[in-house]
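Structure assessment
Residues per chain, in single letters:
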Amino acid sequence: MPDFHDLAAAPEPAPVLSGGPQASMENVMQDGRPDPLSAAYNPADVESRWYDFWLERGYFTARPDQDRERFTVTMPPPNVTGQLTMGHMLGESIRDVLVRWQRMEGKDVLYLPGMDHAGIATQNVVERKLESEGKKRQDLGRDGFLREAWAWKEEYGGKILQQLRRVGVSVDWSRERFTLDEGYSRAVLLVFKRLYEKGLVYRGHYIVNWCPRCHTALSDEQVENQEVDGHLHFLRYPVKDGEGKHITVATTRPETMLGDVAVAVNPRDRRFKKLVGKTAVLPFLRREIPIIADDAVDPKFGGGALKVTPAHDPVDLELARRHGLQPVVVMDTEGRMNENAGDFAGLDRFEARKRVLERLTDLGLLEKSEPYRFTLGVCERCETVIEPYLSLQWFVKMAPLAQPALEAARRNQVKFFPKRWRKVYRHWLENVHDWCISRQLWWGHRIPVWYCRKPGCPSTAVELERPGPCWHCGGTDWQQDEDVLDTWFSSWLWPFATLGWPEETADLKTYYPNQLMVTGPDIIFLWVARMVMAGCECLGQPPYPFVLLTSIVRDAQGQKMSKSLGNSPDPMDLMDRYGADAVRFTMVYLTPTDQDLLFDEKRCETGKFFANKVWNAARLVRSRLGDEDPRGVRESGLELQLADRWVLSRLANAIKDTTRNLKTSRLNEAANTVYHFTWHEYCDWYLEMVKPRWADQAEPRDRRVARWVAWKVLDGILRLLHPFMPFVTEELWQALPHEGESLCVAAWPKARRAWYDAQAEAQVSFLQGVVVAVRNLRAEMNVPAGKRVPVVVRGSREQLDLLRQLTPQLLPLARIERLDLAYDGLRPPVAASAVVEGAEVFLPLEGVVDVESERARLAREADRLLTELEGTKRKLRNQDFLSKAKPEVVDRERQKLQQFEETLEKLKRAQEALREAPAS
RNA sequence: GGGCGGAUAGCUCAGCGGACAGAGCGCAGCCCUUACAAGGCUGAGGACGUAGGUUCGAAUCCUACUCCGCCUACCA
């Protein structure tokens, strides 16, 4: 077995189950020794054991010095404030499946973990903590607060990473990164500086999304849109010298009228022709504001006139700038009306809205209020209503950065799976707005911009360190910008800043670009697109060639799982109750390729029961292996039986399908393939068929074959399953004869060409048909489950020979007492019967069976077949079908016809035979 | 307003041009058969959202519609 890691010095693996100290179960193996594998699988017991073992052996540590193909994936860094969610659980399961699979394929794997400092979220948490102590961040000052935040990070920050260990993620902890650690911070500041120098970072007064509760600006992507039922209010502004005339504007935010500087109408709107150029008088403040004409005004909306509030609306700001109008800010950073709001100063914006409406009503200036449905922006962190707010902020000019990112996708240098997300990505990049990156917070990367404080000196320096003397005035009194950078301004560097960039580290050279990104489609804009932009900008190539977008986890009602809704189970609790393997497997097994995952925790039983099934299959094989060591056995020297050839062929197919599904990112299909093969082929059929060959009285040479095949296939199953269920598979693999020291570095199985055996598959499929037919007849005829029955089969010589060969293995499968093969062509006089691939299976009645019900059953069966037959005949009578359909399709139809006719013929004879039978 | 998904068994999904439409869970019946009751066997259950069209043939391709979900947008 190839050994992919430099582990020559590693000692033998701990004999965990091979008679280890925990072997305390009462089960006894055939040879009388106690069996350490308990009858019921206990995940907690097993799962606590292996993670440290893997870590100690360094299996997860990437080795860039080795000459192997590499496979690099970075973990989307969870927030330091984080709690493991079901979304993480899914993402981590998927990533770890792929990573473990690639490791078993022999690649040099780097799965890099880390955390995000999560500016707003963390600052909120720390502020809340201070609040509970009766303190505010301002009391501590900036440095004091940061000390507090770091202390908090040290204490709680790694909690989610601890939780991830529980999941079993095979990450390289030696390369763990934090977006606020020293080297990483340097990379962030450097990118800011470089973009500034290229003119792609600029500072300016614009309308930003302001959260009055978090006291900071947000990017567009950090605002969530909610549909709300509100009102559209129609306000009347008196026209100066208008002889009592008014102009009516419509708004959902009446309080912003206090910041109005104009009323705008569409220049082509005849209704207002005479008013353009006149002056309106703003109620309360008596401010005289011009009535202007601008194309941006939609004459069909509201009354056709737009109130212009440049300090509180982006469209209005642009419009005002076109007309040289000065904005008036009427709110403070808390969302309260400020001194420009006249009598309303000091009121909260919503209170002010109420009062404005009341007083307008009193003055007869509120024309009407109509119910109106519109979208409202709320802060993604605290759900506070966002206030569009004019302020001085830093921005990234996005269009130039977007071009290479678009190009990369166009050239397929970045591919998306499922494909449709590419469109989403492209659409966003094509319409991207500039990115507001300054945040009025303390926790984060402080903006590396310095302003000379000498009065009148205009110097601004962008430097990672405090600059030397001012080149303009010679002063040294620099004031650093108070703001920090948006968290995503650091996250977008994740695929390479984690590898040491901007230093030319060995890691960077080896592991950039990464091979894969696995994340949720909800952060394509926020993160994925930006990472591609940053990768192209900083390293000249995209950070990874492939993005796998996972399902979003929702509850059974389709609602997104979230803490606030309380509809998300705690993954830790699930793992306690079902086992980490079970939850992992279930998530992957359930996740649809291109849809959200509606999750119900009860589904974890699928994984739990499956783990138990595998556990027990291994227990069986292990006990029947006796003291035989199958490892030395040469496959070529074995005389394989039909069942052996069949199961090896099925294994080959399972390996092929699982591997293909992993390659094409159909993880659920991959899980499904292993599940089905293990349970419904290996366990249900092979292990059942092989049991008689293990018996004491069985022929020793063949017993050896049966043992070897059972072991070999199980070994293959454990390998295939390991990425999905790392703990239980390692436990079992160690407990069975194995080569190498850990399953997680064992080779991914290869399907041997010689294993494929179409003939064996066809033959076993026939035998299964016979068994199922007998079971079916028994059930239909209400034969008591425990009763053994005689069975007679008529059929071709080949069919009968096949049955004869396998008779001993077949009998227990259908509780058959005696299998009579009618080489003489005789049929039992009175029997229930079924047809399998042309062969007739008889369950002689002999009082066991009710003749009437068998007649009815046969009639039903014949009826059904007749319908089929008719359909086929109809097709074959159709000239168009015969001439236009593909020849092989026509041919298949002819075969069907023949088969139906034969079967029907046999059913009829069975019916005739019963007609002569005495009623029971 | 634009865009994207979805609609198939009670539930969650697979099938995406040719044989009575499949799986898992759930349900019903029978079984504690010495790996597993976290198990085994058997079974019931479906106008493939609606209406048209293309085709020898449609759950599958096209068009329209209905209903759900998501994303996006400077009609205030």
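Anyway, here's the lowdown on the structure attached to this text. (Residues numbered from 1 in each chain as written. Chains lettered and ligands numbered in written order. Predicted model: local features only at pLDDT ≥ 70, side-chain atom pairs only at ≥ 80, totals over all residues. Heavy atoms only, no water.)

What follows covers the protein's contact with RNA strand B. Contacts to RNA strand B come from 53 residues, most closely from Tyr372, Arg619, Trp679, Arg864 and Glu868. Here a sugar or linking oxygen of RNA strand B sits 2.9 Å away from a polar atom, N or O, in the side chain of Asn612. Contacts to RNA strand B include Glu688, whose side-chain N or O atom sits 3.0 Å from a base nitrogen. Of all the secondary-structure elements, those providing two or more residues to the surface near RNA strand B are β13 (366–379), α17 (604–624), α19 (667–694), α22 (758–780), α24 (851–877), α25 (879–884) and α26 (887–915). (Near = heavy atom within 4 Å. Polar contact = N/O pair within 3.5 Å; in protein donor to acceptor, adjacent residues only side chain to side chain. Helix = DSSP H or I, 4+ residues; strand = E, 2+ residues; numbered from the N terminus.)

Pro502 follows Trp501 through a cis peptide bond whose omega is 10 degrees. One can find Pro502 in the loop between α12 (494–497) and α13 (506–511). The amide bond that connects Tyr512 to the next residue, Pro513, takes the cis arrangement and shows omega of -5 degrees. One non-glycine residue, His215, adopts positive backbone phi at about 60 degrees. Within the secondary structure, His215 is located in the loop between β5 (201–211) and β6 (216–218). Positive phi is not limited to glycine here, since Glu383 has a value of about 65 degrees.

Under the definition given, this model contains 40 aromatic pairs. With 6.0 Å between their ring centres and 55 degrees between their planes, Tyr51 and Phe60 make a pair best called tilted. Neither Tyr51 nor Phe60 differs from the other in exposure class; each is buried. A centroid spacing of 6.3 Å and a plane angle of 70 degrees characterise the contact between Phe192 and Phe489, whose relative ring orientation is edge-to-face. Of this pair, Phe192 sits in helix α6 (residues 182–197) while Phe489 sits in helix α11 (residues 488–491), and the two are 297 residues apart along the sequence. For the residue pair Phe192 and Phe489, the accessibility class agrees, reading buried in each case. Put simply, the rings of Phe192, Tyr196, Trp394, Trp435, Phe489 and Trp492 pair up and form one aromatic cluster. (Phe/Tyr/Trp six-rings, centres within 6.5 Å; stacked < 30°, edge-to-face > 60°. Buried < 20%, exposed > 50% of the residue type's maximum accessible area, 1.4 Å probe, protein only.)

Read from one edge to the other, the open sheet built from three strands follows the order β15-β23-β22, with strand pairing classed as parallel. Strand pairing shows two members of the sheet lacking a second neighbour, β15 (415–417) and β22 (517–519), which therefore form its edges. Across the sheet, the axes of successive neighbouring strands diverge by a mean angle of 20 degrees, strand direction being ignored. Bridge count between β22 and strand β23 (residues 546–549): three bridges; the pairing is parallel. Paired with Thr519 across the bridge in β23 is Leu549. Contacts from helix α14 (residues 524–539) reach β15, β22 and β23, with the element oriented near 175 degrees to β22. (Pairing = 2+ DSSP bridges. Axes fitted to C-alpha atoms, helices over the stretch in contact; angles between N-to-C directions. Contact = heavy atoms within 4.5 Å.)

Below, the discussion takes up helix α9 (residues 399–410). Taking 1.5 Å of rise per residue, the twelve residues of α9 would be expected to cover 16 Å, and the 16 Å separating its terminal C-alpha atoms lies within 8% of that figure. Of all the positions in α9, only Leu401, Ala402, Ala405, Leu406, Ala408 and Ala409 are classed as buried. Buried residues of α9, viewed axially, fall in a sector of 155 degrees; they line one side. (Expected span 1.5 Å × (residues − 1). Arc of directions from axis to C-beta.)

Bringing the packing of helix α15 (residues 571–578) against α17 into the picture now. Following both chains from N to C, one finds α15 and α17 inclined at 35 degrees, their axes separated by 10 Å at the closest point. The handedness of the crossing between α15 and α17 comes out as right-handed. For the pair α15 and α17, contact is made by Leu574, Arg577 and Tyr578 and by Cys604, Glu605 and Lys608, respectively. Here the contact of α15 with α17 is composed, by residue class, of three nonpolar, no polar and three charged. (Left-handed = near helix turned anticlockwise from the far one by under 90°. Nonpolar A, V, L, I, M, F, W, Y, C, P; charged D, E, K, R; others polar.)

The subject of this paragraph is the nonpolar core. Ranked by internal contacts, the top residues of the largest apolar core, which has 168 residues, are Phe599, Tyr682, Tyr686, Leu687, Phe724 and Leu803. Examining the composition of this core, we find that 15 residues originate from one element, α19, more than from any other. With sequence-adjacent residues up to four places away left out, Tyr682 is seen in contact with Ala617, Val621, Val647, Phe677, Leu687, Ala710, Val713, Leu714 and Ile717. Judged by nonpolar contacts, the second largest core, of 64 residues, contains Ala408, Ile447, Trp492 and Tyr511. (Core = buried A, V, L, I, M, F, W, Y, C linked by side-chain atoms within 4.5 Å.)

So, about the sheet that holds strand β20 (residues 478–480). One open sheet holds the three strands; their spatial order is β19-β18-β20, and the pairing between them is antiparallel. Bordering the open sheet on either side are β19 (460–462) and β20, each of which pairs with just one other strand. Within this sheet the neighbouring strands show an average axis-to-axis angle of 30 degrees, counted without direction. Note that strand β18 (residues 449–452) and β19 share three bridges and pair antiparallel. From the neighbouring strand, Trp450 faces β19, where its bridge partner is Ala461.

On their own, these measurements won't tell you what the molecule is for.
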